[in-house]
Amino acid sequence: MRLSAMGDVAMTVPVLRAFVEQHPNIQITVVSRPFFKPFFDTIPNVTFFAFDEKERHKGFLGLIRLFKDLRKLKIDAFADLHNVLRSKVVRTLFALSGKKIAAVDKGRKEKKALTRAEKKVFVQLPTMFERHVKVFEELGFAVDLSNPQFPEKAILSSEIISIIGENHQKLIGIAPFAQYDSKVYPLDLMQEVISQLAANPQNKILLFGGGKKEIEILDSISKSCENVINMAGKIKFQQELQLISNLDVMLSMDSGNAHIAAMLGVKVITLWGATHPFAGFSPFNQPVENALVSDREKFPLLPTSVYGSKEVEGYQQAMRTITPDSIVKILNICK
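Our subject in this report is the structure included herewith. (Residues numbered from 1 in each chain as written. Predicted model: local features only at pLDDT ≥ 70, side-chain atom pairs only at ≥ 80, totals over all residues. Heavy atoms only, no water.)

**Examining the overall build of the chain**
At step 1: Along the chain, the regular secondary structure elements total 11 helices and 10 strands.
At step 2: Taken against the 2.2 N^0.38 rule, which gives 20 Å for 335 residues, the C-alpha radius of gyration of the chain at 21 Å falls within 12% of a compact globule.
At step 3: Each principal axis of the C-alpha distribution contributes one length, and for the chain these read about 60 × 55 × 40 Å.
At step 4: Counting only residues that meet the buried cut, the chain has 51% of its 335 residues in that class. (Helix = DSSP H or I, 4+ residues; strand = E, 2+ residues; numbered from the N terminus. Rg over C-alpha atoms; globule rule 2.2 N^0.38 Å. Buried < 20%, exposed > 50% of the residue type's maximum accessible area, 1.4 Å probe, protein only.)

**Focus on the packing of aromatic side chains**
At step 1: Using the criterion set out here, one finds 15 aromatic pairs in the structure.
At step 2: Aromatic side chains Phe-39 and Phe-237 sit 5.7 Å apart centroid to centroid with 50 degrees between the ring planes, which places their arrangement in the tilted category. You can see Phe-39 sitting in the loop between β1 (28-32) and β2 (46-50) and its partner Phe-237 sitting in helix α9 (residues 237-244), a full 198 residues away along the chain. Of the two residues, Phe-39 and Phe-237, neither departs from the other in class, the shared state being buried.
At step 3: Of the aromatic side chains, those joined through ring pairs into one cluster are Phe-35, Phe-36, Phe-39, Phe-40, Phe-48 and Phe-237.
At step 4: Over the ring of Phe-122 we find Arg-296, and its NZ or CZ is 3.7 Å from the ring centre. (Phe/Tyr/Trp six-rings, centres within 6.5 Å; stacked < 30°, edge-to-face > 60°. Lys NZ or Arg CZ within 6 Å of the ring centre and 35° of its normal.)

**Some words on the sheet that holds strand β7 (residues 228-230)**
At step 1: The strand order β7-β6-β5-β8-β9-β10 describes an open sheet built from six strands, whose pairing is parallel. Of all strands in the sheet, those with a lone pairing partner are β7 and β10 (291-293), marking the two edges. Strand-to-strand, the axes of this sheet are offset by a mean angle of 20 degrees, without reference to chain direction.
At step 2: As paired strands, strand β9 (residues 267-272) and β10 are joined by three bridges and run parallel to one another. Following the sheet pairing, Trp-272 is matched in β10 by Val-293.
At step 3: The sheet contacts of helix α8 (residues 212-222) involve β6 (203-207) and β7, and relative to β7 the element is tilted by about 160 degrees.
At step 4: Those strands touched by helix α11 (residues 324-334) are β5 (170-175), β8 (249-253), β9 and β10, and its axis lies near 165 degrees from that of β9. (Pairing = 2+ DSSP bridges. Axes fitted to C-alpha atoms, helices over the stretch in contact; angles between N-to-C directions. Contact = heavy atoms within 4.5 Å.)

**Side note on the nonpolar core**
At step 1: By size, the foremost hydrophobic cluster in this structure holds 57 residues, and its most contacted members are Phe-39, Phe-40, Leu-206, Phe-208, Leu-243 and Ile-260.
At step 2: Secondary-structure elements contributing two or more residues to this core are α1 (6-22), β1, α5 (128-138), α6 (158-164), β5, α9 and α10 (256-263).
At step 3: Per-element accounting of this core gives the leading share, nine residues, to α1.
At step 4: Among residues more than four places away in sequence, those in contact with Phe-39 are Met-6, Val-9, Ala-10, Val-13, Phe-237, Leu-241, Ile-260 and Met-263.
At step 5: Counting residues in each nonpolar core, the second largest holds 30 residues, with Ala-178, Leu-189, Leu-218 and Ile-327 among its members. (Core = buried A, V, L, I, M, F, W, Y, C linked by side-chain atoms within 4.5 Å.)

**Looking at the pattern of salt bridges**
At step 1: Enumeration according to the criterion identifies seven salt bridges in this entry.
At step 2: A salt bridge links Asp-80 to Arg-91, with the nearest nitrogen and oxygen atoms 2.7 Å apart. Of this pair, Asp-80 sits in strand β3 (residues 77-80) while Arg-91 is found in helix α3 (residues 85-96), placing the two residues 11 residues apart along the sequence. Both residues of the pair, Asp-80 and Arg-91, belong to the buried class.
At step 3: Across the pair Lys-183 and Asp-254 runs a salt bridge whose closest N-O atoms are separated by 3.7 Å. Note that Lys-183 is positioned in the loop between β5 and α7 (187-198) and Asp-254 in the loop between β8 and α10, a separation of 71 residues in sequence. Residues Lys-183 and Asp-254 agree in their burial class; the two are buried.
At step 4: When salt bridges with common partners are traced through the structure, they connect Arg-33, Glu-53 and Arg-86 into a single cluster. (Salt bridge = Lys/Arg side-chain N within 4 Å of Asp/Glu carboxyl O.)

**Section: the packing of α1 against α10**
At step 1: As a packed pair, α1 and α10 sit with axes 8 Å apart at the nearest point and diverge in direction by 15 degrees. Taken together, the axes of α1 and α10 are roughly parallel relative to one another. Between α1 and α10 lies a crossing of left-handed hand. In this structure, α1 contributes Met-6, Gly-7, Ala-10, Met-11, Val-13, Pro-14 and Arg-17 to the contact, and α10 contributes Gly-256, His-259, Ile-260 and Met-263. (Parallel < 35°, antiparallel > 145°, perpendicular 65-115°, else oblique. Left-handed = near helix turned anticlockwise from the far one by under 90°.)

**Section: the environment of Ile-229**
At step 1: Structurally, Ile-229 is set in strand β7.
At step 2: The exposure class assigned to Ile-229 is buried, which follows from its relative accessible area of 11%.

**With respect to a positive patch on the surface**
At step 1: A surface patch of positive charge is lined by Arg-65, Lys-68, Arg-71 and Lys-72.
At step 2: On the secondary structure map, Lys-72 appears in the loop between α2 (59-71) and β3.
At step 3: A relative accessible area of 64% places Lys-72 in the exposed class. (Patch = residues over 30% accessible without salt bridge, like charges linked within 9 Å, V, L, I, M, F, W, Y side chains within 5 Å. Areas by Shrake-Rupley, 256 points an atom, 1.4 Å probe, with all protein chains shown as cover. Lys, Arg positive; Asp, Glu negative; His and termini not counted. Charge placed at Lys NZ, Arg CZ, Asp CG, Glu CD.)

**Let's talk about the pairing of strand β4 (residues 100-103)**
At step 1: Note that β3 and β4 share four bridges and pair parallel. Directly across from Asp-80, in β4, lies its bridge partner Ala-103.
At step 2: Chirality of the crossover, the property in question, places the unit of β3, α3 and β4 among those that are right-handed. (Right-handed = clockwise from strand over helix to strand, strands pointing away.)

Given below as structure tokens:
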């Protein structure tokens, strides 16, 4: 099974949890970058194979080596949950060797119709979780996602406790950034959300992000309130997963953090700008009211992009139609 970006990888976790529970005699090998191994550490019957994109598995010859490496594991079937050029090469090699293969249908045509400006087809498309289930169905394995199981909350290390303290406040995670600006809630409005939440001493707000610039911004936000803590750059990725599993609720953009929290069974509130839940990327097992979208009456071309990479002139302020009060209200309901 071949995976790539953080959100893509996180979205496979609930499906794999359901799969191994419903098919306990089947062993799964996940092939992905080493960074993502912690996602799968707690799933029984799942082993992790590190894809070495920089050396051993680099280029076309590297993909042939990857195929040979995987063939040694006596793979019976290959589920391509990414469906890009590299995974197509590997699955083709498995097909030529006589193994069963199946690949995810990303629904590119339907997504194009959803995001185009003219003759837009504004309908809910299948979720990525439903698309992943179809891949396993093609291989002969039914997967039911209606009764999801989640891991227990992780025991927090002394290092994490030394940063966030040890008390019984409500833990609210906020991940205010995304890969593209068109998916990022305006910083001044986000500061207003944080200020409202921080006014309640029973709340502890934990900020998540990465990169030097993001860390600097989060540091400046956290300095204003004692119960607002910037976690970015302070703990390792595996510790971050442990902390997220202990949150009462996560507020995130349409980004990887939303999917990480959801795969751990945490309530997630998402904010949507240029993108929209109809494209199928809502976090797992979250009610529709937890997705706050920009006003389509004022910005009728929304969604303008599947992933947020495309910006439309005049739509830069679309997320300002999501009010801080509405965000705080739903956060208070969820926590």
